[in-house]
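# Coordinates in review
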Amino acid sequence: MQTPSDILGDNGPLAQHVPGFAPRQAQQAMAEAILEAMTYGTMLIAEAGTGTGKTYAYLVPALMSGRRVLISTGTKNLQDQLFHRDVPTVRKALNLPVQVCLLKGRANYLCKHRLAQAEADVMHWAPAFGEKVRTIRTWATQTRRGDIAELTAISDTDPIWYQVTSTIDNCLGQECASFDDCHLVTARRDAQAADIVVVNHHLLMADLALKEEGFGDLLPSADCYVIDEAHQLPEVASNFFGIALSSNQLIELAQDAVQAFHSEANDDPQFALCADALEKAARDWRLAFGQEQRRDAWTKVARIPAVQASLREVRDQLGCLTSMLGLLAERGKELGNCARRATTLVTRFGVLCDEVPAAHIQWYETHRRSVSLHLTPLEIGSYFQQCVQAQPGSWIFTSATLAVAGHFEHFMQRLGISEAETACWDSPFDYANQALCYLPGIKTEPNDPEYNQKVIGVAREVI
């Protein structure tokens, strides 16, 4: 039987099937270490410098192992690259009948129920909105997977997608008339039957957090977990072990409530005014922070009069809408769902604005059009370890940047890892002789609107 080193060697199948493939000793050693961890169900933390070929180093043993492997990447772009390019290449070279599935978060899948709602409510939207809805409807009749990345005519950041995709808050679950042929449900069923499942860190942490709380699984169980770009995991994990509330959540609630009211009640003109007032209050809450995009401790802004006033208005308007939804909750599924969401947000608002509990930090973040308030544990290691221990199997963490001076204590401490095999392979690139490090004297901060143009100007000079 061939070893990973054989497969990744000079005369191996990858060298024969991949144009320009260059065997690398570090890649072979890494693949051997990963296969050993998968075989014995141990934990491995592996740093491999840029150019090592980490992807093939874990894909080869993953496909060889005969085990169910869940691979988590840092971004959706890396997910797509793995699923559409790297995995097919290795699978073809090894000639193995391995079933692979790509699974994204629910916001990446068209919701047939929400699309039907948007079509029914299109008269309340601008003409450009209606045109986009018609474009999506045409695509909806052709797509099999319902992955919004397929429809390149509309940017995946376009606000229209919120109207035709679901969130955990507004999804009707098994009560939905489209449940049996739901794209998200189909994707999850495919994942349950797959040998290799490719996800991203946000979906992985959402699944682990739900399991920790005793709720149902988003992802199938696995024998091996490969965490690529693992240096990003501690920050992602911290968001799932805390609580947060954003202006976008409030705006989405207000818009969904109006849509539900139009379809299930539509007999009280005051309702739409109340929902509109919450949406305006949420937008004004963002404006109270100024134009700058930043992240900082909540104590830095909590006593600013404009912020205090906007927060009181949000709380008042959220309470008003919650009360009205409570009276209408029995009128329909959508209104009932909105009532539950509103009650949850009221509770969350109270927790976030109360005295900060011990060992937690309260902070805020502003984006171009939204603001969010967060309460996060200072230390997430114990939470993460509870999740890991509940998922028996091998765990492989890999990235080009995990060690500090060749040691992994910092990364391990952040995730509460007390014992693991560790390995570190240097990049095969000769940076000392083949790279130039240039530090431009740009005094503008990276979040300044002029920063990109200044970087481009310096880059042109260097090039």
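Residues numbered from 1 in each chain as written. Predicted model: local features only at pLDDT ≥ 70, side-chain atom pairs only at ≥ 80, totals over all residues. Heavy atoms only, no water.

### Thoughts on the state of the cysteines
Heads up, the condition is: Working definition: a disulfide is two cysteine sulfur atoms within 2.5 Å of each other. When a residue's accessible area, from a 1.4 Å probe over protein chains only, is under 20% of the maximum for its type it is buried; when over 50% it is exposed; and in between it is partly exposed.
Under the definition given, this model contains zero disulfides. Unpaired in this structure, C171 has its nearest cysteine sulfur neighbour in C182, at a distance of 6.5 Å. When its relative accessible area of 31% is taken as the criterion, C171 is described as partly exposed. Unpaired in terms of disulfides, C437 finds its nearest cysteine sulfur in C424, a separation of 20 Å.

### Examining the sheet that holds strand β8 (residues 360-366)
This is how it is decided: The criterion for strand pairing is that DSSP finds at least two bridges linking the strands in question. We count a stretch as a helix when DSSP gives it H or I for four or more residues in a row; a strand needs E for two or more, and each element gets its number in order from the N terminus. Between N-to-C directions, angles span 0 to 180 degrees; the directions come from axes that are lines fitted to C-alpha atoms, helices contributing only their stretch in contact. Residues are treated as being in contact if the distance between any of their heavy atoms lies within 4.5 Å.
What the four strands build is an open sheet, ordered β6-β9-β8-β7; its pairing is antiparallel. Here the strands that pair on one side only, and so sit at the sheet edges, are β6 (243-246) and β7 (295-297). Mean inter-strand twist for the sheet, computed between neighbouring axes without regard to direction, equals 20°. Along the sheet, helix α15 (residues 333-353) makes contact with β6, β8 and β9 (371-377), crossing β6 at roughly 110°.

### Notes on the packing of aromatic side chains
The following threshold applies: Any two rings among Phe, Tyr and Trp, with Trp reduced to its six-membered ring, count as a pair given centres within 6.5 Å; such a pair is stacked if its planes are under 30 degrees apart, edge-to-face if over 60, and tilted if neither.
Under the counting rule described, the total for this entry stands at 14 aromatic pairs. With a centroid separation of 5.8 Å and 70° between ring planes, the pair formed by F397 and F411 is classed as edge-to-face. A residue pair is termed long-range when its members are at least 10 positions apart, and F397 in strand β10 (residues 394-399) and F411 in helix α17 (residues 409-414) qualify at 14 residues. An aromatic cluster of at least three residues, connected via ring pairs, comprises Y225, F384, W395, F397 and F411.

### Some words on the layout of surface pockets
Test applied: Whether a set of points on the 1 Å grid over the protein atoms alone is a cavity depends on a 1.4 Å probe fitting there but being unable to get out, while an open set qualifies as a pocket with protein on both sides within 12 Å along at least five of seven lines; lining residues are those with an atom within 4 Å of a point. Grid points are joined across faces, edges and corners, and a volume is the space filled by probe spheres set on the points.
Roughly 270 Å³ of internal volume is contained in the second largest pocket. Lining the second largest pocket are 15 residues, and of these P234, S238, P377, L378 and R414 lie nearest its centre. When contributions to the lining of the second largest pocket are tallied by element, the ones reaching two or more residues are α11 (233-240), β8, β9 and α17.

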